Amino acid sequence: MGFHIAQISDTHLSALHPGFTANFEALAAHLLEQAPDLVVHTGDVSAHGEQPGPQGQEDLAYARRAMDGLGLDWVAVPGNHDVGNDPACGGDTPADAGRVARWEMEFEAGHFLRDVPGWRLIGLNTLITGTDLPQAEAQFAFLEEALAGAGPRRVAIFQHKPLCEVTLAESGMTYWSVLPGARRRLLSLLRQHDVAFIASGHVHQAQDRGEVEGLRQIWAPAVAFFVGDSWQERMGDKRLGYVEHVLHEDGRHEARIVHLPALQPHDIGLMPHVYGPQRPVAAE
């Protein structure tokens, strides 16, 4: 039968945005019927957890209550709207010690390890991999130890940002993927072990990319909203939903992107009150 994981992502939960909460509740009702063995949230659990002041802490607490309300076993890693973005990306909410501490207050560590039959599941905080925070070095040490101790188990990695947009060798600084320096450091560890797939969120577009230079990459759809084509180039499927993973003890893995019509297709480009006006895609 296998071990069933529901990978959800980008719920952007906040009492300020009832439409996003309604989508989460519709997803939660569906998952309760499906009864997966584990729910893995790959980040942006909250809408404004990275913001200074009480709003950030309130959103993280709100998101934690929602996850606990699932009635299912779950783990989570943070996204840029939970702990801030990689400082090298610019912006006024960089991942820093204070933001990471607020996440840890509600969700504990930004990484996780879970062993299930035939598999080792590893979750990573990809927003700090390029920083000089002590948690970043501690996480690399954790990853090295977790990989070395996997034994005969296959490894599955869960993180917010995908490793790359197109190719692992790309060198551009981009909002949508792990930055080149951190990617190289992660790859130096991952390539030494039997990593079956890397599952991520963040892009608000779903695709099972298959193997990219030896590593299978799976992008989860968002739950809260999509980014319309006027504001974001299309790289995958923008419909809302989640990913169903089935891990077999003999190392086989099945993944299926599940689109849920019950989730309302909010276009963030038409909701400037949430994150401000979106920048239009440049005309070719």
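Rules of the game
Residues numbered from 1 in each chain as written. Predicted model: local features only at pLDDT ≥ 70, side-chain atom pairs only at ≥ 80, totals over all residues. Heavy atoms only, no water. Pairing = 2+ DSSP bridges. Helix = DSSP H or I, 4+ residues; strand = E, 2+ residues; numbered from the N terminus. Axes fitted to C-alpha atoms, helices over the stretch in contact; angles between N-to-C directions. Expected span 1.5 Å × (residues − 1). Buried < 20%, exposed > 50% of the residue type's maximum accessible area, 1.4 Å probe, protein only. Arc of directions from axis to C-beta. Contact = heavy atoms within 4.5 Å. Salt bridge = Lys/Arg side-chain N within 4 Å of Asp/Glu carboxyl O.

A.B. asks: Where do I start with the sheet that holds strand S12 (residues 253-259) in this structure?
C.D. replies: Sheet strands associate in pairs through backbone hydrogen bonding, adopting either a parallel or an antiparallel arrangement. The strand order across the open sheet formed by five strands is S3-S2-S1-S11-S12, and the pairing between neighbours is mixed. Each of the sheet's edge strands pairs with one partner strand only, and the pair in question is strand S3 (74-76) and S12. Ignoring which end each strand starts from, the neighbouring axes of this sheet average 20 degrees apart. Where strand S1 (residues 3-8) and strand S2 (residues 38-41) come together, four bridges link them in parallel fashion. Within S2, the residue paired with Ala 6 across the bridge is Val 39.

A.B. asks: What is the right way to look at helix H5 (residues 134-148) in this model?
C.D. replies: Because the α-helix completes a turn every 3.6 residues, residues three or four places apart line up on one side. Its 15 residues place the ends of H5 21 Å apart at the C-alpha level, agreeing with the 21 Å of an ideal helix rising 1.5 Å per residue. Here H5 has its buried residues at Ala 136, Gln 139, Phe 140, Phe 142, Leu 143, Ala 146 and Leu 147. Along the axis of H5, the buried residues cluster in a sector spanning 160 degrees; they form a single face. Exposed side chains of H5 directed beyond 90 degrees from the buried face belong to Pro 134, Glu 145 and Ala 148. For H5, the elements touching its buried residues are strand S4 (112-116), strand S5 (119-124), strand S6 (154-159), helix H6 (180-190) and strand S7 (195-200).

A.B. asks: Hey, could you run me through the sheet that holds strand S8 (residues 207-212) in this one?
C.D. replies: Read across the open sheet, the six strands follow the order S4-S5-S6-S7-S9-S8; overall the sheet is mixed. For this open sheet the edge positions go to S4 and S8, each flanked by a neighbour on one side alone. Strand-to-strand, the axes of this sheet are offset by a mean angle of 20 degrees, without reference to chain direction. The pairing of S7 with strand S9 (residues 215-219) spans four bridges and is classified as parallel.

A.B. asks: In this structure, what is going on with the pattern of salt bridges? I would like to understand it.
C.D. replies: Opposite charge on two side chains permits pairing when their charged atoms draw close. Tallied over the full model, the rule gives 14 salt bridges. A salt bridge links Glu 137 to Arg 185; the nearest nitrogen and oxygen atoms lie 2.9 Å apart. Of this pair, Glu 137 sits in helix H5 while Arg 185 sits in helix H6, placing them 48 residues apart in sequence. Glu 137 gets classed as partly exposed once you look at its relative accessible area, which sits at 43%. A relative accessible area of 35% places Arg 185 in the partly exposed class. A salt bridge links Asp 208 to Arg 216; its shortest N-O distance comes to 2.4 Å. Beyond isolated ion pairs, a larger network of salt bridges with shared partners links Asp 115, Arg 120 and Arg 153.

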